[in-house]
Amino acid sequence: MGPDHAWVGVCRYNMGLGLWSLGRYREAEQAYRQALAIKEQVLGQEHEEVGLVWNALALLYKETARFGEAEAALQRALKIRTSQPKPDEFLVAGTLTNLGDLYYTWGNLAKAEHHLRRAATMAERAPVQNPQKYGTILNALAVLYCSQGEHARAEETWKRALPLMEPVLGDSHPHIA
């Protein structure tokens, strides 16, 4: 196994996750970039694992207020995830949710709503239901509605999200209580 082996890419990616959780953002970015280079070389630039790394890199950029870079990385992840022969709708919905959250943070509420609504629609119609992910998307949409002063719409959306989240998280979880 050499320095460009696929498993080295996996280790670099996991190292990026660990460094990020420690607040060591520069080192995390470096690890993600190394993982990206290896995965693109070994698996190809359009492989779904490459999309995973782009998504993680984007979230790191968002965390460090590098919004333009985060947007570009999420757009790249979305392009990869939607171009798969059989796209994983939950991965696509997750990237759309991340884009929506980025636009919300950035103050572009119209784009945030567009992406969050697309994510919710996709998660709702996915062949394998994932109630927690769908509930999380609905929650993000409700927060957006509330910030726009659309309180009745927010409440309605939260009422849809709550029954999806309670069975998974329990009624005493901080996101539920």
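K.L.:
Which parts of the structure should I look at to understand the nonpolar core?
P.N.:
Of all hydrophobic cores here, the largest spans 45 residues; its most connected members are Y32, W54 and L57. Going through the elements one at a time, helix 1 (6-21), helix 2 (25-43), helix 3 (48-63), helix 4 (67-82), helix 5 (89-106), helix 6 (109-125), helix 7 (131-147) and helix 8 (151-169) are the ones with two or more residues in this core. It is helix 3 that contributes the most residues to this core, eight residues altogether. Once you skip the residues sitting within four places of it in the chain, W54 turns out to touch R33, L36, E40, A73, R76, A77 and I80.

K.L.:
What should I look at first to understand the packing of aromatic side chains in this one?
P.N.:
Geometry of an aromatic ring pair is reported as the spacing of the ring centres plus the angle between the planes. Taken as a whole and assessed by the stated rule, the structure comprises three aromatic pairs. Both rings, one in Y13 and one in Y32, keep their centres 5.7 Å apart while their planes meet at 40°; by these two values the pair is tilted. Of this pair, Y13 sits in helix 1 while Y32 sits in helix 2, and the two are 19 residues apart along the sequence. We classify Y13 as buried; its relative accessible area is 13%.

K.L.:
In this structure, what is going on with the pattern of salt bridges? I would like to understand it.
P.N.:
Side chains that differ in sign of charge can pair as their charged atoms come close. Tallied over the entire structure, the rule returns 11 salt bridges. Of the charged contacts in the structure, one is a salt bridge between E46 and R76, with a shortest N-O distance of 2.9 Å. Taken together, the residues E46 in the loop between helix 2 and helix 3 and R76 in helix 4 connect sequence positions 30 residues apart. Residues R153 and E113 are paired through a salt bridge, measuring 3.4 Å at the closest nitrogen-oxygen approach. Placement of the pair is R153 in helix 8 and E113 in helix 6, with a sequence separation of 40 residues. On the basis of relative accessible area, R153 is assigned to the partly exposed category, the value being 29%.

K.L.:
Would you explain helix 3 in this entry?
P.N.:
The α-helix winds at 3.6 residues per turn, so residues separated by three or four positions along the chain end up facing the same way. With 16 residues, helix 3 extends 23 Å between its outermost C-alpha atoms, agreeing within 8% with the 22 Å of an ideal straight helix rising 1.5 Å per residue. Buried residues in helix 3 make contact with helix 1, helix 2, helix 4 and helix 5. Within two residues after helix 3, A65 carries a phi angle of roughly 60°, on the positive side.

K.L.:
Looking at this structure, I do not really get the packing of helix 5 against helix 7. What am I missing?
P.N.:
Each pair of packed helices can be described by the angle between their axes along with the distance between the axes. It is at 11 Å that the axes of helix 5 and helix 7 come closest, and there the two elements cross at 20°. Comparing their axes, helix 7 and helix 5 come out roughly parallel. Like other packed secondary-structure pairs, helix 5 and helix 7 cross with a definite hand, here left-handed. Side by side, helix 5 and helix 7 meet where F90, A93, T97 and Y104 of the first sit next to K133, I137, V143, L144 and S147 of the second. When its residues are assigned to classes, the contact of helix 5 with helix 7 shows six nonpolar, two polar and one charged.

K.L.:
Looking at this model, I keep getting lost on the side chain of E113. Mind explaining?
P.N.:
Judged by its relative accessible area of 16%, E113 is buried. Residue contacts for E113: discarding those within four places in its chain leaves L141, L144, Y145, Q148 and R153.

K.L.:
How do you make sense of the side chain of K39 when you look at a structure like this?
P.N.:
Tracing the backbone shows K39 in helix 2. Contact partners of K39, with chain neighbours within four places excluded, come to G9, V10, G44, E49, V50 and V53.

Quick notes on the rules
- Residues numbered from 1 in each chain as written.
- Predicted model: local features only at pLDDT ≥ 70, side-chain atom pairs only at ≥ 80, totals over all residues.
- Heavy atoms only, no water.
- Core = buried A, V, L, I, M, F, W, Y, C linked by side-chain atoms within 4.5 Å.
- Buried < 20%, exposed > 50% of the residue type's maximum accessible area, 1.4 Å probe, protein only.
- Helix = DSSP H or I, 4+ residues; strand = E, 2+ residues; numbered from the N terminus.
- Contact = heavy atoms within 4.5 Å.
- Phe/Tyr/Trp six-rings, centres within 6.5 Å; stacked < 30°, edge-to-face > 60°.
- Salt bridge = Lys/Arg side-chain N within 4 Å of Asp/Glu carboxyl O.
- Expected span 1.5 Å × (residues − 1).
- Axes fitted to C-alpha atoms, helices over the stretch in contact; angles between N-to-C directions.
- Parallel < 35°, antiparallel > 145°, perpendicular 65-115°, else oblique.
- Left-handed = near helix turned anticlockwise from the far one by under 90°.
- Nonpolar A, V, L, I, M, F, W, Y, C, P; charged D, E, K, R; others polar.

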